[in-house]
Amino acid sequence: MPDSPAMTHGTQELANSADPGNAANSAHPEHPPYLLHHFESAGQQADAAGFAMWLFLLTEVMFFSGLFTAYLIYRNWYYRAFVAGSHQLSVVWGTTNTAVLILSSFTMAMAVWCSKTGRRRELTLCLTLTFLLGLGFLGIKGIEYHEKFEKHHVPGRHYSLQSFLYPDSDAAARAAGDRPLPLDDARHTEVYFSLYFLMTGMHAAHMVIGLCILGFMILRARAGAYTAGHATFVENFGLYWHFIDIVWIYLFALLYLISRH
Amino acid sequence: MSANTIISLPDQGTAGVPKKNYLTQENGLLSWLLTRDHKRIAILYLLTTGFFFVIGGMAAAIIRLELLTPTGDLVASDTYNKLFSIHGIIMVFFFLVPIAPAVLGNFLIPMMIGAKDVALPRINLLSWYLFTIGGCVELYMMIVGGVDTGWTFTTPLSTHYVNTNVIAAAMGIFIAGFSSILTGLNFIVTIHKMRAPGMTWFRLPLFIWSYYGTSIIFVLATPVIAITMVLIMLERVTGIGVFDPAKGGDPLLFQHLFWFYSHPAVYVMILPGMGIISEVISNFSRKRVFGYTAVAFSSVAIAVFSFFVWAHHMFIMGISTYSALVFSLFSMLVAIPSAIKVFNWSATLYKGSITFDTPMLYAFGFIGLFTIGGCTGVMLATLGVDIHVTETYFIVAHFHYVMVGGMVSAFMAGLHFWWPKMTGRMYPESLGRLAAVILFIGFNLTFFPQFILGYLGMPRRYHFYPPEFQVLNVFSTAGASILAIGYLLPVLYLIWSLKYGAIAGNNPWQATGLEWQTQSPPLTENFTVMPVMDHEAYDYEWLERQTLASQNLENQSQANQSQVRPKETEVPRAG
Amino acid sequence: MNHISPVIYQFLVKRLTDFRLFPPEASKIAPQMDALFFFILLVSLVGLTAVVLLVASFSILYNRQRHPVAVQVEGSTLLEATWTIIPLGLFLMMFVWGALIYFRVYTPPPNAMNIYVVGKQWMWKVEHSGGQHEINALHVPTGRAVQLTLISEDVFHSFSIPAFRVKREVIPGRYTTVWFEATTPGTYHLFCSQYCGTNHSQMTGDVLVMTPEDYRKWLAGSTSGASLAQNGERLFASLSCAACHNARPDARGPSLANVYGSRLTLANGQFITVDEAYLRQAILNPSQHVTQGYAPIMPTYQGQISEEGVIALVEFIKHLDSDYRIQQTLNTTDLPPGSEEKAAPAGQAPATQGRVKK
Ligand code: HEA
Ligand code: HEA
Ligand code: CUA
Ligand SMILES: [Cu+2]
């Protein structure tokens with residue numbers, strides 16, 4: 001364990017020690033305000049927080065892996081239905097969204113850097129940009145969802161097989177050169193759209209949570225909370241944000257680009 | 001080893017519980033609800049999980065009463081189904097999974113490794129709130145009519161056929177799942193980053209090793225049940241077809257996902273118990289645990305292997321014969337580390353100096369019952385035998401042996417062992433031993449007949465059953481009432497001891513763990529002086545020297561009326 | 001005594017007399033399974049005894065009074081290895097033995113007689129190939145391998161016969177199979193052992209094992225007239241399967257004669273052996289496995305035929321060893337409706353029998 005030599009103190013005073021007689025024993029040279037009482041040094045605290053964040057991302061990987069497993073199984077079974085389903089997605093919007101997210105990852109990385117180098121104004125700017133880009137992503141996702149809704153591609157009672165049984169009646173299918181699917185194949189497109197909504201929906205839920213935290217961070221950043229030498233929170237949030245980004249890149253490849261090798 | 005490693009304690013006479021401790025440091029309900037002290041959070045968990053145990057236990061009581069006769073005299077079939085579903089859901093997700101990690105783990109892990117708190121105290125409190133909210137959702141589910149899917153939520157029954165409150169039940173588990181995730185995460189970070197100077201990995205108490213294994217499972221498996229519950233809810237609400245065979249979905253996929261969590265989760269329900277037993281056995285035989293490294297690594301091995309056996313719950317479900325082979329083989333392999341532990345515990349007794357205090361009696365009970373439960377587990381893992389006994393009372397007996405006979409016994413051992421530390425008071429020893437014996441007898445009477453019932457073929461989850469199975473069921477019900485006494489008794493005398501119990505002192509068991517080297521009940525930040533670990537775990541000789549030295553010191557300090565002050569030591573902190 | 005409580009009276013008098021601790025062994029596999037079980041039981045007992053003996057004797061030898069000061073013993077690699085390797089060896093023996101029995105139970109012999117079972121909330125419907133239907137009962141002869149082909153119409157069920165030591169999950173949308181050979185005539189329990197909703201515990205029945213003669217008599221006495229295959233033939237006609245599967249040179253679908261048991265090449269180059277499960281899939285999800293040389297034009301019949309109907313069709317196709325019968329049905333479908341009676345073989349049951357009733 002990479003620990004700083006400062007941590008080998010044998011004794012240490014407690015914030016509210018039971019024994020005032022001990023207080024004089026170990027006055028700490030540096031005790032920044034953000035250091036929580038139960039840590040010995042800021043280094044240990046940052047270390048623990050970073051480690052916890054990586055572990056948390058691991059749990060997120062497991063969370064999504066359930067969906068990815070389902071996806072892989074069904075894609076293997078119902079490949080033709082999945083291809084036809086994916087032709088209904090707009091690669092243009094998908095690519096735009098990928099670009100938007102990658103850009104937001106970049107601004108987030110900048111924010112971490114600003115926080116570490118103590119640039120308060122720039123930090124606020126970067127965070128706000130990230131926020132806006134995230135919002136933009138959700139907006140585009142909303143447009144896509146709306147389109148699916150109009151075409152009755154939302155699984156459930158109102159699901160329609162029109163675009164798959166009669167691709168000539170559907171612009172997207174015609175553009176992709178789809179041939180009519182047999183009825184049983186066409187029915188399996190519902191599984192595809194179930195997974196599409198589940199995966200992108202879970203992803204969007206993570207975005208929404210991220211945006212809430214981001215909003216809170218912007219307010220605190222303006223008050224200078226992250227530019228006084230304590231960048232851990234911004235850094236860890238950055239990890240989360242990049243993680244969401246990576247998940248999206250997988251989703252983009254798996255859902256939008258199935259038949260484009 | 002010199003006297004400078006002595007940990008000084010605030011002066012504490014034998015007259016009373018120290019005035020200043022984590023229980024009394026602050027007062028008022030709010031100080032509890034907003035606490036970030038790991039020990040107070042542990043107490044909060046103890047109360048909530050205890051509450052859920054009573055609910056689950058009452059469901060069990062009605063189940064057993066109903067099964068007294070072959071026909072449904074007491075409740076209707078629907079009600080019976082709801083009872084065992086609620087019993088299973090509550091007992092697993094809201095009692096046994098959280099109980100040992102969140103109560104004893106929270107209380108002890110920071111103290112055992114010499115930290116002031118867990119690494120993320122606020123997250124720790126958040127976990128408790130998530131758990132409680134999840135529990136409240138579950139209570140709501142029960143009040144508005146319950147759920148009747150069994151605790152396994154088999155699709156498509158749960159998603160398309162029953163019309164009970166599956167969504168609420170799944171939601172409660174989903175929310176409580178995050179509490180598990182955060183607790184596990186917290187423990188891993190704490191164990192990695194918060195160890196006291198000198199506390200190397202191989203000086204950790206075995207308790208910590210087993211909780212480390214538990215936490216790995218929490219972190220890796222629980223997210224999968226979370227997403228599975230989301231899928232169940234969405235499938236019910238919106239009719240997406242991921243598990244619906246009519247739409248091309250695969251209902252077996254659900255079981256794969258469910259057991260991918262729930263099998264590792266059964267080890268969440270036993271690993272902490274193994275940690276407790278290691279501590280107890282070592283302490284009451286005054287010996288270092290035999291083969292420390294083997295026991296430590298077997299915990300991690302169980303945690304790792306547990307991820308590769310889930311489909312042994314699906315042997316007859318039409319999985320391919322080859323995958324059945326693989327999963328059977330891995331189930332055999334996961335049993336090996338458990339066997340290692342059992343033998344090592346037995347060997348620990350060799351040349352010890354054994355006393356039979358209450359925790360030790362529970363520990364003996366654990367060894368016997370867990371071995372029976374484990375060996376029947378191996379029978380289930382044997383492909384041929386599983387065909388006959390799966391989905392029968394044989395399974396019910398198997399898992400009650402490991403969960404109730406194993407884990408609940410272990411928890412009782414732990415609760416009695418650390419009760420003096422938690423409350424500063426002793427429980428009445430003779431009543432304690434009596435309860436342990438009652439529990440053991442009642443338990444066997446309840447669940448042993450179920451093995452026979454299972455082999456005779458009585459299916460589980462049966463409200464009506466053929467009359468020839470009645471005799472054994474009557475035995476089982478009779479046992480359950482003895483069992484209930486065995487649970488009720490400790491509840492009573494433990495509460496009694498809070499007020500009237502003898503004062504425990506810092507180290508009533510003369511145990512070696514760091515948690516015993518501070519006052520009972522401990523202060524809010526555990527230690528007045530940052531402890532330094534300069535000896536191996538379970539070093540009873542160190543303890544003896546330590547006691548002698550501190551007696552000398554006490555005499556000295558009484559002689560010259562001066563304050564004892566610890567000196568700094570330079571023990572490198574190893575990684 | 002009766003005045004104390006009728007329940008207790010009944011319990012004392014009746015239950016205590018027909019009390020048993022071990023299930024009857026009524027199939028060929030049962031003694032084999034029990035042998036394995038007793039082997040594991042023995043090993044477990046030895047293991048348990050070893051542990052209990054160790055704990056008990058150490059408790060006596062080294063209790064505080066006798067042995068006030070503990071002697072620290074660190075551990076021993078040799079011992080550690082012993083109690084790793086011995087259980088491992090034993091467990092591996094159980095694994096191999098168990099796997100052998102598992103394969104035996106789930107691999108029916110080729111000459112087994114097939115009975116179809118449909119599970120639904122909360123009853124069992126059994127269909128013999130001679131057309132005999134049973135509800136919550138299963139008649140089987142002794143001395144003959146019987147294969148069950150199981151499917152569920154709704155949720156998971158499980159078909160369990162403890163006296164035979166066999167059990168198989170009954171799954172919606174997929175055939176599963178199990179087989180046994182009964183040895184002792186008698187009546188045995190049939191349970192649904194997978195939880196399936198409210199009346200799960202009443203989804204039970206009887207398995208009646210008969211001597212071959214009795215069984216033959218029973219078969220003759222309870223036939224409903226048309227065999228399963230004949231029902232299937234009628235469905236085949238009424239669903240106009242023969243429009244494509246007519247074995248003419250210009251037929252759009254492949255000939256189905258002798259297709260059962262053959263090895264097909266699929267359009268994606270895979271090979272597949274045609275069994276019941278494949279036939280079912282071919283009817284309900286035809287685009288899933290397209291036979292080489294044919295276009296995926298066969299319509300799906302999902303939602304149009306009940307599971308029993310599919311079973312009848314499958315049984316018909318299984319028994320189709322020449323295209324002659326198909327030509328016959330073809331003729332009948334070409335005829336005006338009134339003349340159907342004449343061509344349909346021994347028809348009492350209406351031709352729509354297998355269709356889904358809405
Ligand atoms: C605390 C919980 C717990 C624990 C620890 C275990 C431990 C084990 N379980 Fe259990 N199990 C459950 C809880 C648990 N189980 C539950 C809840 C279910 C049912 C779920 C449901 O359907 O509702 C279940 C069901 C279950 C099944 C599925 C049965 C079915 O549905 O068909 C199987 C099958 O393989 C199995 C196997 C095992 C094995 C091999 C172990 C092993 O880890 C055991 C290892 C231990 C030992 C082997 C004992 C010590 C060994 C010795 C002292 C050595 C001496 C012995 C010999 C040499 C033989 N369990
Ligand atoms: C951790 C887990 C746990 C625990 C502790 C228990 C404890 C008990 N269980 Fe449980 N059980 C399960 C987990 C557990 N069970 C699971 C997972 C299932 C499967 C569910 C499913 O099929 O989906 C199951 C199923 C199950 C069945 C099978 C039902 C069926 O298949 O039809 C039975 C039947 O006997 C049973 C009995 C008992 C009994 C008698 C106890 C006793 O040990 C309980 C004794 C405790 C008390 C009685 C409470 C203590 C008393 C008080 C606090 C006083 C207040 C109470 C009264 C006045 C009555 N359980
Ligand atoms: Cu059907 Cu239980
Ligand atoms: Cu398991």
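Notes on the structure follow. On a predicted model such as this, the values are computed, not experimentally measured, just so you know.

**Focus: the overall build of chain B**
So, step 1. Scanning chain B from terminus to terminus reveals 17 helices and zero strands.
So, step 2. Judged by the C-alpha coordinates and their principal axes, chain B covers about 85 × 50 × 45 Å.
So, step 3. Counting all 575 residues of chain B, 72% fall into the buried class.
So, step 4. Sequence-distant contacts, at least 24 apart, represent 84% of the contacts inside chain B between residues at least 6 apart.
So, step 5. If you sum the accessible surface of chain B, you get close to 16,900 Å²; carbon and sulfur atoms cover 68% of it.
So, step 6. The distance from the centre of the 29 positive side-chain charges to the centre of the 28 negative ones in chain B is 8 Å.

**Focus on the interface of chain C and chain A**
So, step 1. With eight residues of chain C in contact, the opposing surface of chain A contributes nine residues.
So, step 2. Taken over both partners, the interface formed by chain C and chain A buries close to 660 Å², and the fraction arising from carbon and sulfur atoms is 40%.
So, step 3. Looking at the side of chain C facing chain A, the largest losses of area belong to S287(C), Q288(C) and T300(C), adding up to 67% of the total buried there.
So, step 4. For the pair chain C and chain A, the interface holds zero salt bridges.
So, step 5. At the junction of chain C with chain A, the criterion picks out three residue pairs in polar contact (both at pLDDT 80 or more).
So, step 6. Along the lines of polarity and charge, the residues of the side of chain C that touches chain A split into three nonpolar, five polar and no charged.

**Notes on the coordination of the iron atom of ligand 1**
So, step 1. Among protein atoms, the single one acting as a donor to the iron atom of ligand 1 is H398(B) (NE2), 2.2 Å away.
So, step 2. The distance between the iron atom of ligand 1 and the copper ion (ligand 4) comes to 4.5 Å.

**Section: the nonpolar core**
So, step 1. Counting residues in hydrophobic clusters, the biggest one holds 340 residues, and the most contacted among them are M108(A), F153(B), F207(B), L148(C), F159(C) and F164(C).
So, step 2. Top element by residues in this core is helix α3 (residues 77–112) of chain B. It accounts for 23 residues.
So, step 3. Mapped onto the domain boundaries, this core takes at least three residues apiece from domain 1 (20–105) and domain 2 (113–222) of chain C.
So, step 4. Beyond its immediate stretch of four places on either side in the chain, L148(C) contacts N114(C), I115(C), V117(C), L138(C), F159(C), T176(C), T177(C), V178(C) and F180(C).
So, step 5. With 29 residues, the next largest nonpolar core counts Y278(C), V310(C), L313(C) and V314(C) among its residues.

**Some remarks on a nonpolar patch on the surface**
So, step 1. A surface patch of nonpolar side chains, about 370 Å² in accessible area, is lined by L125(A), L129(A), L132(A) and L135(A).
So, step 2. Its place among the elements puts L125(A) in helix α4 (residues 120–150).

**A look at the environment of T198(C)**
So, step 1. Within the secondary structure, T198(C) is located in the loop between β9 (186–192) and β10 (205–210).
So, step 2. For the pair formed by T198(C) and Q121(C), sequence separation is 77 residues and the distance between their alpha carbons is 8.7 Å.
So, step 3. In this structure T198(C) touches S77(B), D78(B), N81(B) and W122(C), once residues within four positions along its chain are discounted.

**Digging into the sheet that holds β10(C)**
Residues and elements named next belong to chain C.
So, step 1. Read across the sheet, five strands follow the order β4-β10-β9-β6-β7 without closing on themselves; strand pairing throughout is mixed. Each edge of the open sheet is held by one strand with a lone partner, namely β4 (137–141) and β7 (166–170). Strand after strand, the sheet turns through a mean of 20 degrees between neighbouring axes, direction not considered.
So, step 2. For β9 and β10, the ladder comprises five bridges, and the chain directions are antiparallel. Bridge assignment links T187 to a residue of β10, and that residue is L208.

Rules used throughout
- Residues numbered from 1 in each chain as written.
- Chains lettered and ligands numbered in written order.
- Predicted model: local features only at pLDDT ≥ 70, side-chain atom pairs only at ≥ 80, totals over all residues.
- Heavy atoms only, no water.
- Helix = DSSP H or I, 4+ residues; strand = E, 2+ residues; numbered from the N terminus.
- Buried < 20%, exposed > 50% of the residue type's maximum accessible area, 1.4 Å probe, protein only.
- Contact = heavy atoms within 4.5 Å.
- Areas by Shrake-Rupley, 256 points an atom, 1.4 Å probe, with all protein chains shown as cover.
- Lys, Arg positive; Asp, Glu negative; His and termini not counted.
- Charge placed at Lys NZ, Arg CZ, Asp CG, Glu CD.
- Buried area = accessible area lost by both parts, 1.4 Å probe.
- Salt bridge = Lys/Arg side-chain N within 4 Å of Asp/Glu carboxyl O.
- Polar contact = N/O pair within 3.5 Å; in protein donor to acceptor, adjacent residues only side chain to side chain.
- Nonpolar A, V, L, I, M, F, W, Y, C, P; charged D, E, K, R; others polar.
- Donors = N, O, S within 2.8 Å, 3.2 Å for Na, K, Ca; no water.
- Core = buried A, V, L, I, M, F, W, Y, C linked by side-chain atoms within 4.5 Å.
- Domains from an automatic or database assignment.
- Patch = residues over 30% accessible without salt bridge, like charges linked within 9 Å, V, L, I, M, F, W, Y side chains within 5 Å.
- Pairing = 2+ DSSP bridges.
- Axes fitted to C-alpha atoms, helices over the stretch in contact; angles between N-to-C directions.

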